[in-house]
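Summary of structural features
Take a look at the letters that make up each chain.
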Amino acid sequence: MSAPRSARSRVLSGIRPTGDSFQLGNYVGAVRHWAAMQDENDCYFFLADLHALTEAPEPDKLRERTRNAVAQLLALGVDPQRSTVFAQSHVAEHAELGWILGCLTGFGEASRMTQFKEKGGGTVGLFTYPVLQAADILMYQADSVPIGEDQRQHLELTRDLAQRFNARYGDTFTLPGAYAGRAGERIKDLQDPTRKMSKSIGGNGTVWVLDEPKAITKKVKSAVTDAGREVRAGEDKPGITNLLTILAVCTGKAVPELEEAYDGKGYGDFKGDVAEAVVELFAPVRARYAELVADPAELDRVLATGAERARAVALETMTAVRERVGLLAPRS
Ligand code: TYM
């Protein structure tokens, strides 16, 4: 008998434990939405440690970062009582479903994924990265997947694979909703606002969630700005637009409202206020993180409970998948 599916909408998302800290873009594009969605939805949030392996991390570092990432999620408001928080590798079925979906993915289709193309090639793991991501999502029958704009193409592939599987083998997977991010939520690098802020670039253009206040202030104040003096958003002003987006997220105010408030003021005042707002946003997160990370046994317990709940869902999905594709059930 399968457990009754909750009437609430199912939400799933993941983050790779690839750096010593999440960056501001991870928070704006993804994690803040996770925290906000917990009350109304049945949420699954995981650390994509298998995906992190595509970057060949040092083994002890990966373990440490995975635990630290749990502490960051909790410090940012993800509540393991209300959400299922787990490590991808603790649910072995992800890799299994990844393989099965790989057998439905065209070589050309996978070759079109921009992430692989942008990195200029690499391992087979990097090539099939989006297929494993599709497995992560479809395993939990997710209705929605809160992710940043850079992940849109992976979600589209997921939808295609779900449709293909359902058409070939019968209705099995929920089709997740298309990318639902709001415009402007792609946070750009502060030193080069034509590219996204990212953990792998780092440097002065990346604000880490766990940065000290002084470092945040320095980075924001030295952010590259644009020609002119007016604080307004626009295609000709990628630097100021990015800072306006950040301030809007921190203050909960809309960009036009902020543009009006800074009418007649220069970039200096504006950047000072953005720096202060980001410092205020992350100061309590940093403090809470320090408490949480001091108790690794508790973080491991969170992951153990999460894995148990996640495995129950994964087993249900995989029992159906194995049967539909024609794998012989082992005798028990
Ligand atoms: P990762 O760890 O690179 O990023 C985690 C989330 O942060 C978002 N993000 C951004 N959003 C706005 N502006 C930015 N500058 C920015 N940088 C990062 C990402 O869009 C992402 O939502 N492939 C995923 C991990 C993953 C996953 C999944 C996600 C694996 N399986 C299944 C959802 C569902 C990734 O790149 O994470």
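You'll find the structure just up there.
The following paragraphs examine the structure supplied in this document. The residue count restarts for each chain, going from 1 along the sequence in the order it is written. Only residues with pLDDT of at least 70 are given local features in this predicted model, and only at 80 or more are side-chain atom pairs given and counted; all residues enter the totals for whole chains, interfaces and linings. Each side-chain value is worked out from all heavy atoms of the structure, with water and hydrogens disregarded.

1. Observations regarding the side chain of Lys-199
Working definition: helices are DSSP H or I runs of at least four residues, strands are E runs of at least two. Numbering for both runs from the N terminus. Among the structural elements, Lys-199 can be located in the loop between α9 (152-169) and α10 (213-221). Of the buried charged residues, Lys-199 lacks a salt bridge, with Glu-55 as the closest side chain of opposite charge at 7.7 Å. Any pair of N or O atoms that falls within 3.5 Å is considered a polar contact. Within protein, one atom must be able to donate a hydrogen and the other to accept it, and sequence-neighbouring residues count only if both atoms are side-chain atoms. Side-chain polar atoms of Lys-199 contact the side chain of Thr-18, separated by 3.1 Å. Beyond its immediate sequence surroundings of up to four residues, Lys-199 is in contact with Ile-15, Arg-16, Thr-18, Gly-19, Ser-21, Gln-23, Asn-26 and Trp-208. Think of it in three bands: residues with accessible area under 20% of the maximum for their type are buried, residues over 50% are exposed, and the middle band is partly exposed, with areas taken using a 1.4 Å probe on protein chains only. Here the positive residues are Lys and Arg and the negative ones are Asp and Glu; neither His nor the chain ends is included. One side-chain nitrogen of Lys or Arg within 4 Å of one carboxyl oxygen of Asp or Glu is enough to make a salt bridge. Contact definition: two residues touch when any of their heavy atoms are within 4.5 Å.

2. Digging into the pattern of salt bridges
Where side chains of opposite charge bring their charged atoms close, a pairing between them can arise. This structure, assessed with the given rule, holds 21 salt bridges. Among the ionic pairs, Arg-10 bridges to Asp-42, the shortest N-O distance being 2.8 Å. In this pair, Arg-10 is assigned in strand β1 (residues 9-15) and Asp-42 in strand β2 (residues 41-47), connecting sequence segments 32 residues apart. Among the residues examined, Arg-10 registers a relative accessible area of 6% and is labelled buried. Taking relative accessible area as the criterion, Asp-42 reaches 14% and is therefore assigned buried. Residues Asp-79 and Arg-82 are paired through a salt bridge, measuring 2.9 Å at the closest nitrogen-oxygen approach. Salt bridges sharing common partners tie together Glu-230, Arg-232, Asp-236 and Lys-237.

3. Considering the site of the ligand
The criterion for a residue being near a molecule or strand is simple. One of its heavy atoms has to lie within 4 Å of it. Around the ligand, the surrounding shell holds 28 residues, and the nearest of these are Tyr-129, Asp-136, Asp-150, Gln-151 and Ile-187. Between Asn-26 and the ligand, the recorded distance is 3.0 Å, taken from a side-chain N or O atom to an oxygen atom. In this structure, Lys-199 approaches the ligand through a side-chain N or O atom, which is 3.0 Å from an oxygen atom. Residue composition of the shell around the ligand, grouped by class: 11 nonpolar, 10 polar and seven charged. Throughout, the ten residues Ala, Val, Leu, Ile, Met, Phe, Trp, Tyr, Cys and Pro are labelled nonpolar, Asp, Glu, Lys and Arg are labelled charged, and all others, Gly among them, are labelled polar.

4. Section: the sheet that holds β2
Two strands qualify as a pair provided DSSP detects at least 2 bridges between them. In spatial order, the strands read β1-β2-β3; together these three strands make up an open sheet with parallel pairing. In the strand order of this sheet, the two ends are held by β1 and β3 (83-87), each with one partner. Taking the axes of each pair of neighbouring strands and ignoring which way they run, one obtains an average angle of 15° across the sheet. Strand direction decides the pairing type here: β1 and β2, joined by seven bridges, are parallel. When the sheet's bridge partners are listed, Arg-10 is paired in β2 with Asp-42. Note on definitions: angles span 0 to 180 degrees between N-to-C directions of axes, and those axes are lines fitted to C-alpha atoms, for helices only across the stretch in contact. In this fold helix α14 (residues 296-325) packs onto β1, β2 and β3, with an angle of close to 100° to the strand it touches most, β3.

5. Here we look at the packing of helix α4 (residues 93-102) against α14
Orientation of α4 relative to α14, taken along the N-to-C sense of each, is 30°, at an axis distance of 11 Å. As far as their axial angle goes, α14 and α4 are roughly parallel. As α4 packs across α14, the resulting crossing turns out to be left-handed. Here Glu-93, Glu-96, Leu-97 and Ile-100 of α4 lie close against α14, whose contacting residues are Ala-314, Leu-315, Met-318, Val-321, Arg-322 and Val-325. Classifying every residue of the contact of α4 with α14 by side-chain character gives seven nonpolar, no polar and three charged. Every angle not falling under 35 degrees, over 145, or within 65 to 115 is termed oblique; those three ranges are roughly parallel, roughly antiparallel and roughly perpendicular. Crossing handedness is defined as follows: a turn of the near helix away from the far one that is anticlockwise and smaller than a right angle gives a left-handed crossing, while the clockwise case is right-handed.

6. Here we look at α10
Listed as buried for α10 are Ile-216, Lys-219 and Val-220. The arc that holds every buried residue of α10, seen down its axis, measures 95°, which confines them to one face. Exposed side of α10, more than 90 degrees from the buried face: Lys-214 and Lys-218 are the residues found there. Summarising the contacts, the buried residues of α10 are in contact with α11 (238-251) and α13 (267-293). To obtain the arc, one takes the directions from the helix axis to the C-beta atoms.

7. Some points on the environment of Gly-205
Residue placement: Gly-205 occurs in the loop between α9 and α10. Its relative accessible area of 2% is what places Gly-205 among the buried residues. For the pair formed by Gly-205 and Glu-316, sequence separation is 111 residues and the distance between their alpha carbons is 44 Å. The residues touching Gly-205, leaving out its near neighbours within four places in the chain, are Asp-189, Leu-190, Gln-191 and Met-197.

8. Some remarks on the packing of aromatic side chains
Any two rings among Phe, Tyr and Trp, with Trp reduced to its six-membered ring, count as a pair given centres within 6.5 Å; such a pair is stacked if its planes are under 30 degrees apart, edge-to-face if over 60, and tilted if neither. Within this structure, the stated rule accounts for 10 aromatic pairs. When the centroid spacing of 4.7 Å and the interplanar angle of 5° are considered together, the rings of Trp-34 and Phe-45 count as stacked. Of the two residues, Trp-34 sits in helix α1 (residues 24-37) while Phe-45 sits in strand β2, which places them 11 residues apart along the sequence. Put simply, the rings of Tyr-44, Phe-46, Phe-86 and Tyr-140 pair up and form one aromatic cluster. Consider the ring centre and the ring normal. A charge sits over the ring if Lys NZ or Arg CZ is within 6 Å of that centre and within 35 degrees of that normal. Positioned above the aromatic ring of Tyr-262 is the side chain of Lys-265, whose terminal nitrogen or guanidinium carbon lies 5.5 Å from the ring centre.

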